[in-house]
Amino acid sequence: MEHTTLSKSRYLNGLQCPKLLWIATNEPERLPEPDAAAQHRFDQGHLVGELAKRLYPAGIDLPSQDFTANIALTKELLRQRKPLFEAGVLSGSIYARADILNPVNDAEWDIIEVKSAASVKEVNYHDVAFQKLCWEDAGVRIRRCFLACINNQYVRNGEIDPEGLFTVHDVSEPVTVAGEGIRDRVAAMLDIIGGPACPQADIGPHCGNPYPCPLEECWQGLPEHNVFTLYYGGKKSHELYQRGILDINGIPASYGLNEKQRIQCRCVAGGRPHVDRAAIKGFLAGLEYPLYFLDFETFATAVPLFDGTRPYQNIPFQFSLHVQRTPGSSLKHHSFLAEGRHDPRPALAAALSRLVGGRGSVIAYNKSFEEGVLKGLGDFFPGYAGWARGVLPRLVDLMAPFRSFHYYHPMQKGSASLKSVLPAVTGLCYDGMPIGSGDDASLAFLTITFEDVPEDEAAKVRQQLLDYCRMDTEGMAMIVERLKEIAG
């Protein structure tokens, strides 16, 4: 396509930011390559799209790689009045491709846009409104518009049932509303992408709405403790930035910050941590030995992989457990990492239930996640229901003293996450680890388990997974020891 052609994806770029639109069209090399997580989302979307086609068994699949051939073939196939998959249309300077174009009578068609999300979002209406404009400008009459989203209450039982997997929403009315003024917006965007210079755009709420912008250059040059690191800064951060205040140290004393934000500002100004020793002592006094430091790794796919599971259900495939029997005693480490393509939960539950005894605090970081996994194990496997019920009341959230700002270090930069707290409190960090986040771990496990990966490579990744998960629980144990020192 020529640069003077506006596609659906570029139209959505333009709704978010004119600078992003121009760069994506004219200088795409300035955008970072999609990372592994983004590629995984694309792959999930493709799989969901293929399953949606089964809703229309008489449909015709069009080639999607050859732009010109797709448009030409679409023109021919429209005469056959059959459902069309990936049908493309070019009308003047605007181009779109429909996931599913379904004939409803002798003269009209429905647009069915397929999404791998479990709910309808505002941006989806604009997505479909642009498609509708392209088709109608090309002389194709559109009756109604639909969004086929994932039904996250669907439970797999044998082969995937497309009728159960999808919930189809009639979005015709909100699409009509989203289409108001669309021709003016299209004309303005065509002017932008046809212009010789990239338009200027400042940082603002649009940078993360509706999607996180991939452009990193806009954030370069901000100070280390910039206003966007303000704890839950939100609108305040953008307001301060618009007032020309870039550094937390520059926030006026009269500005309406909450107490946690004020603590953060004082820490940055003084270069020292904030410590509430009495509160930390109270937290530590609530711990009962033996201590079990627990961390799960899970994956959640749009299309459930195992019977009895739902879309986007967290499926635990790994845990790390450090156990400290008495104060000051050495830690003992246990781990589990699933093997094979079967449901990992039975073996994981069996291994963990043998290790976590009937008394003692079970310490997690942001415990609601581990709570959900344990509850899920107990609900699905009756044999472990009693054990899970016994563990749940003993869960202790190590995030609590940091979320409550009983301890805050300027190195945290407004975050109470483990990845921010661990280096600030202990000096230990995840830098340089091949797997350094939960998303990395999930993707790595899915890749080595369900794709064709050489045995030696899979073995290397398995060790990286073990190292990463161990780092989480060992780090938690180190934080508790450090809190004891801080509390005095």
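Every value quoted in this text rests on a predicted model; they were computed, and no experiment measured them.

Rules used throughout
Residues numbered from 1 in each chain as written. Predicted model: local features only at pLDDT ≥ 70, side-chain atom pairs only at ≥ 80, totals over all residues. Heavy atoms only, no water. Helix = DSSP H or I, 4+ residues; strand = E, 2+ residues; numbered from the N terminus. Buried < 20%, exposed > 50% of the residue type's maximum accessible area, 1.4 Å probe, protein only. Contact = heavy atoms within 4.5 Å. Areas by Shrake-Rupley, 256 points an atom, 1.4 Å probe, with all protein chains shown as cover. Expected span 1.5 Å × (residues − 1). Arc of directions from axis to C-beta. 1 Å grid on protein atoms, 1.4 Å probe; cavity = no way out; pocket = protein on both sides within 12 Å on 5 of 7 lines; lining within 4 Å. Points joined across faces, edges and corners; volume = space filled by probe spheres on them. Nonpolar A, V, L, I, M, F, W, Y, C, P; charged D, E, K, R; others polar. Salt bridge = Lys/Arg side-chain N within 4 Å of Asp/Glu carboxyl O. Pairing = 2+ DSSP bridges. Axes fitted to C-alpha atoms, helices over the stretch in contact; angles between N-to-C directions. Polar contact = N/O pair within 3.5 Å; in protein donor to acceptor, adjacent residues only side chain to side chain. Phe/Tyr/Trp six-rings, centres within 6.5 Å; stacked < 30°, edge-to-face > 60°.

Caption draft 1: Spotlight on the overall build of the chain. The secondary structure content of the chain amounts to 18 helices and 14 strands. With respect to the three principal axes, the spread of C-alpha positions in the chain is 80 × 60 × 40 Å. Taking all 488 residues of the chain together, 48% fall into the buried category. Counted over contacts in the chain with a minimum sequence separation of 6, partners at least 24 positions apart contribute 67%. Split by element, the accessible area of the chain, about 23200 Å² in all, is 50% carbon and sulfur.

Caption draft 2: Main features of helix α13 (residues 368-380). Under the 1.5 Å per step criterion, the end-to-end length of α13 is 18 Å for 13 residues, consistent within 8% with the ideal 18 Å. Taken together, the buried positions of α13 are Glu370, Val373, Leu374, Leu377 and Gly378. Down the axis of α13, the buried set is contained in an arc of 130 degrees. They therefore lie on one face. Among the structural elements, β9 (291-299), β10 (315-324), α12 (345-355), β12 (362-364), α14 (385-391) and β13 (395-397) are those in contact with the buried residues of α13.

Caption draft 3: Here's a closer look at empty space enclosed by the protein. The tally for this structure, following the rule as stated, stands at two cavities of 30 Å³ or more. Forming the boundary of the largest cavity are Cys17, Ala201, Asp202, Ile203, His206, Cys207, Cys213, Leu215, Cys218 and Trp219. Partitioning the lining of the largest cavity into residue classes produces eight nonpolar, one polar and one charged. Counted as a void, the second largest cavity has a volume near 40 Å³. For the second largest cavity, the full set of lining residues is Phe299, Thr301, Pro304, Leu305, Phe306, Thr309, Arg310, Gln313 and Ile315. Here the lining of the second largest cavity is built from residues that sort into five nonpolar, three polar and one charged.

Caption draft 4: Structural context of the pattern of salt bridges. Under the counting rule described, the total for this entry stands at 23 salt bridges. A salt bridge links Glu217 to Lys19, with the shortest nitrogen-to-oxygen separation between them at 3.7 Å. Placement of Glu217 in the loop between α8 (182-193) and α9 (235-242) and of Lys19 in helix α2 (residues 18-26) is noted, with a sequence separation of 198 residues between them. The class of Glu217 is partly exposed, set by a relative accessible area of 28%. The salt bridge partner of Asp397 is Arg403, with a shortest N-O separation of 3.3 Å.

Caption draft 5: Here's a closer look at the sheet that holds strand β11 (residues 332-337). Read from one edge to the other, the open sheet built from five strands follows the order β11-β10-β9-β12-β13, with strand pairing classed as mixed. At either margin of the open sheet sits one strand with a lone partner, and together these are β11 and β13. Neighbour-to-neighbour, the strand axes of this sheet turn through a mean angle of 25 degrees, independent of strand direction. Against the sheet, helix α17 (residues 438-450) touches β9, β10 and β11, its axis set at about 60 degrees to β9.

Caption draft 6: The arrangement of the environment of His409 in detail. When you line up the elements, His409 lands in the loop between β14 (407-408) and α16 (418-426). Exposure remark for His409: the relative accessible area of 16% places this residue in the buried category. When the C-alpha positions of His409 and Ser7 are compared, they lie 47 Å apart, and in sequence the two are 402 residues distant. When near neighbours in sequence (up to four residues on either side) are disregarded, His409 contacts Pro273 and Ala424. There is a polar contact of 2.9 Å between the side chain of His409 and the backbone nitrogen of Met411.

Caption draft 7: Quick peek at the environment of Leu20. Within the secondary structure, Leu20 is located in helix α2. The exposure class assigned to Leu20 is buried, which follows from its relative accessible area of 3%. Leaving out residues up to four positions away in the same chain, Leu20 has contacts with Asn13, Leu31, Cys213, Pro214 and Leu215.

Caption draft 8: Quick look at the packing of aromatic side chains. Using the criterion set out here, one finds 16 aromatic pairs in the structure. Centre to centre, the rings of Tyr11 and Phe130 are 4.8 Å apart; their planes meet at 20 degrees, and the pair counts as stacked. Of this pair, Tyr11 sits in helix α1 (residues 8-16) while Phe130 sits in helix α5 (residues 122-137), and the two are 119 residues apart along the sequence. Since its relative accessible area comes to 0%, Tyr11 is described here as buried.

Caption draft 9: Fine view of the side chain of Glu113. The topology assignment puts Glu113 in strand β5 (residues 108-114). A relative accessible area of 2% places Glu113 in the buried class. A polar side-chain atom of Glu113 sits 3.3 Å from a polar atom in the side chain of Lys8. Those residues in contact with Glu113, other than ones at most four positions away along the chain, are Lys8, Asp99, Asp127, Val128, Gln131, Phe146, Leu147 and Ala148.

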